[in-house]
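# Observations on the three-dimensional arrangement
Spelled out from the first residue to the last, the chains are:
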2 protein chains.
Amino acid sequence: MRPIIPNISVDCVVFGFDMKKLNVLLTERQLKDPKTDEIIFTDYTLQGHHVLEGENLNEAAIRVLRDKTGLHDIFLEQFHTFGNTDRMLNERDILWTEKIYPMVAHHVVSVGYYSLVDSATVKPDQAHQQTKWFSVEDLPELGFDHAEIIEKALYCLRVKLSREPIGFELLPEKFTLSQLQSLYEAVLGKKLDRRNFRKKVALMKYVIPLDEKQRGVAHKPAQVFIFSKDVYQRTKKEKLDFSI
Amino acid sequence: MRPIIPNISVDCVVFGFDMKKLNVLLTERQLKDPKTDEIIFTDYTLQGHHVLEGENLNEAAIRVLRDKTGLHDIFLEQFHTFGNTDRMLNERDILWTEKIYPMVAHHVVSVGYYSLVDSATVKPDQAHQQTKWFSVEDLPELGFDHAEIIEKALYCLRVKLSREPIGFELLPEKFTLSQLQSLYEAVLGKKLDRRNFRKKVALMKYVIPLDEKQRGVAHKPAQVFIFSKDVYQRTKKEKLDFSI
DNA sequence: TTGCATAGTGTATAATTAACACATAAGCTG
DNA sequence: CAGCTTATGTGTTAATTATACACTATGCAA
């Protein structure tokens, strides 16, 4: 295995959508006293790891996701780099770093990526016991500067979603318009008008209705749609929609 | 002097506006044969430097600007981090790094910042001989991956300018509406309608007319305005203008 | 005083956004 | 199987915002 670069890491904010709210994948971090086995603290962190020698940043992010969640071929976007000298210097982080990673630098610069997945495809059970989904509205205690990283990631996701149709990455392949709308509402954090929303979507030629309806629901079944990246690539015009 | 971190640097894309076009500040890089004094190559690079031990990324960017251009208290924004393993491995860069910085790592991750200045305040003469303004439309041969960095910086600047009134950072304190318009045109890369532009600006309460006119121009003198960051902060509403 | 160059101004039309309510279909329950 | 529950699906009007477009005003220079 290639050696790590001790002072450069990537952290991945994995966003997932469960048809109700926007979630973030977090891993439990627990420090125990080696003698008494007493828990010193418990909190949560993002999925992250050091970049390896000879590895590109993007590659590192892809590797982290694969290793820590089993995910591959998913949407990934670099959004900000965090390099304050004090970002690993609160009390718990010092304890943790000393015990677990004594060989690692004190000042690690971390490149932030966010990724988007359909919550249902990630079952944080088997191999990754201590990994769980948390609503972005109700996060647990976080290690390092990861609260700040998540906040920034969410902001960047909102900006991005308002410009580009990346929301589909958070949905299963087939979805209904209500699901799409509730995704937008979850990410943007506000309610949208159903009829106006559907009018907008109707203009997106890359959201394609299938000859298929929802099944097994206790109400009028909805039409099922897919997103065609292909059609999108071909029909998008380089509109940056500069507002002046 | 504090030691450098050998594998982390910042690169600053300094944008300047000269009332006509958008420019970038670049520094000549010339490699000479130490014996014959023959020029092996000449090209240009951004202002960059390694981060120092114990230094935040932002601080490093501020320091680089101060040391390389004399600028201080200016607008700075981190926009992307460049860390491909091959970013310093084209032929000229290898030659250069071997001769000039033999002790530095081959794989340097560079955090990109852009800054905005009024071209007139930077006179790249005295201390910084080899530093010159170049139109973003007509760049010289660039070292490392700096062409890519500039392209990304320009894209991010456009996105940012379309959301927030940061253009004023590129103008002198007092400016006319025509100057403001031509700044927007230069950054966004397209012509705007004068009357519609002025209607827009009229809605920005933080663009304040002074009781003062342009002087010494061979035509009707224009009204002079200032930008009030203060009024902006107080009147901006958190509008992310999500288009759905 | 005339010419030149840029400043400054308003209106009509088109496009986009925002607000809003009722009929429909499937499963469930009794 | 009747009726209840729940989410789907659909159109119009008003308000706002964006676009297109042409002439007069002012100061300086020749």
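Treat the numbers as computed from the prediction; the structure is a model and nothing was measured.

## Here we look at the packing of aromatic side chains
- Following the criterion strictly, the structure yields 22 aromatic pairs over all chains and no others.
- Relative to Phe 227 of chain A, the ring of Tyr 206 of chain A lies with its centre 5.6 Å away and its plane at 90°, an arrangement referred to as edge-to-face. Taken together, the residues Tyr 206 of chain A in the loop between helix H5 (194-203) and strand S8 (207-213) and Phe 227 of chain A in strand S9 (residues 223-227) connect sequence positions 21 residues apart.
- Residue classification places Phe 227 of chain A among the buried residues on the basis of a relative accessible area of 18%.
- Where Phe 168 of chain B meets Phe 175 of chain B, the ring centres are 5.6 Å apart and the plane angle is 40°; that geometry is what we call tilted.

## With respect to the domain arrangement of chain A
All names here are of chain A.
- Domain boundaries assigned for chain A yield domain 1 (4-161) and domain 2 (173-235).
- When each unit is reduced to the centre of its C-alpha atoms, the spacing between domain 1 and domain 2 is 30 Å.
- Contacts between domain 1 and domain 2 engage nine residues on the former and eight residues on the latter.
- Interface area, domain 1 with domain 2, both sides summed: about 750 Å², of which 72% is carbon and sulfur.
- The largest per-residue losses of area from domain 1 upon contact with domain 2 belong to Phe 17, Arg 158 and Leu 161, which jointly make up 63% of the total buried on that side.
- Summed over the shared surface of domain 1 and domain 2, the result is zero salt bridges.
- For the pair domain 1 and domain 2, the interface holds two residue pairs in polar contact (both at pLDDT 80 or more).

## Some points on a positive patch on the surface
Residues and elements named next belong to chain A.
- Judged by side-chain charge, Arg 194, Arg 195, Arg 198 and Lys 199 come together as a positively charged surface patch.
- For Lys 199, the location among the structural elements is in helix H5.
- Residue classification places Lys 199 among the exposed residues on the basis of a relative accessible area of 53%.

## Description of the pattern of salt bridges
Residue and element names in this part refer to chain A.
- Counted under the stated rule, the structure contains 30 salt bridges over all chains.
- The salt bridge partner of Asp 11 is Arg 87, with a shortest N-O separation of 3.6 Å. With a gap of 76 residues between them, Asp 11 in strand S1 (residues 4-17) and Arg 87 in the loop between strand S5 (75-82) and helix H2 (91-100) connect regions that are remote in the sequence.
- Connected through salt bridges with shared partners, the residues Arg 29, Asp 43, Arg 92, Asp 93 and Glu 141 form a single ionic network.

## What about the protein's contact with DNA strand C?
- In the vicinity of DNA strand C lie 20 residues, with Ser 178, Arg 194, Arg 198, Lys 199 and Gln 223 of chain B positioned nearest.
- Of everything in DNA strand C that lies within 4 Å of the protein, sugar and phosphate atoms constitute 40%.
- A distance of 3.3 Å separates a base nitrogen of DNA strand C from a polar atom in the side chain of Lys 199 of chain A.
- Every element with two or more residues in the surface near DNA strand C is listed here: H5 of chain A together with helix H5 (194-203) of chain B.
- Counted by class, the surface near DNA strand C contains five nonpolar, five polar and ten charged residues.

## Some words on the interface of chain A and chain B
- Counting from both sides, the interface comprises 34 residues of chain A and, opposite them, 34 residues of chain B.
- Where chain A abuts chain B, roughly 3100 Å² becomes buried across the two surfaces, and 59% of that area is made up of carbon and sulfur atoms.
- The interface formed by chain A and chain B includes zero salt bridges.
- Here chain A and chain B share eight residue pairs in polar contact (both at pLDDT 80 or more) between them.
- If you list the elements that add at least two residues to the side of chain A that touches chain B, you get S1, S5, strand S6 (109-118), helix H3 (146-161), helix H4 (177-188) and H5 of chain A.
- A per-class count over the side of chain A that touches chain B returns 16 nonpolar, twelve polar and six charged.

## Some points on helix H1 (residues 57-69) of chain A
All names here are of chain A.
- The end-to-end C-alpha distance of H1 is 18 Å, a good match for the 18 Å that 13 residues give at a rise of 1.5 Å each.
- Of the residues making up H1, those classed as buried are Leu 57, Ala 60, Ala 61, Arg 63, Val 64, Leu 65 and Thr 69.
- Phi turns positive one or two residues past the end of H1, at Gly 70, with a value near 80°.

## Details of unusual backbone geometry
- For Asp 73 of chain A, which is not a glycine, the phi torsion comes out positive at approximately 55°.
- For Asp 73 of chain A, the position within the fold is in the loop between H1 and S5.
- You can call Asp 73 of chain A exposed: its relative accessible area is 78%.
- A positive phi is found at Met 19 of chain B, a non-glycine position, where the angle reads about 75°.
- When you line up the elements, Met 19 of chain B lands in the loop between strand S1 (4-17) and strand S2 (22-32).
- Judged by its relative accessible area of 29%, Met 19 of chain B falls in the partly exposed class.

What counts and what doesn't
Residues numbered from 1 in each chain as written. Chains lettered and ligands numbered in written order. Predicted model: local features only at pLDDT ≥ 70, side-chain atom pairs only at ≥ 80, totals over all residues. Heavy atoms only, no water. Phe/Tyr/Trp six-rings, centres within 6.5 Å; stacked < 30°, edge-to-face > 60°. Helix = DSSP H or I, 4+ residues; strand = E, 2+ residues; numbered from the N terminus. Buried < 20%, exposed > 50% of the residue type's maximum accessible area, 1.4 Å probe, protein only. Domains from an automatic or database assignment. Contact = heavy atoms within 4.5 Å. Buried area = accessible area lost by both parts, 1.4 Å probe. Salt bridge = Lys/Arg side-chain N within 4 Å of Asp/Glu carboxyl O. Polar contact = N/O pair within 3.5 Å; in protein donor to acceptor, adjacent residues only side chain to side chain. Patch = residues over 30% accessible without salt bridge, like charges linked within 9 Å, V, L, I, M, F, W, Y side chains within 5 Å. Areas by Shrake-Rupley, 256 points an atom, 1.4 Å probe, with all protein chains shown as cover. Lys, Arg positive; Asp, Glu negative; His and termini not counted. Charge placed at Lys NZ, Arg CZ, Asp CG, Glu CD. Near = heavy atom within 4 Å. Nonpolar A, V, L, I, M, F, W, Y, C, P; charged D, E, K, R; others polar. Expected span 1.5 Å × (residues − 1).

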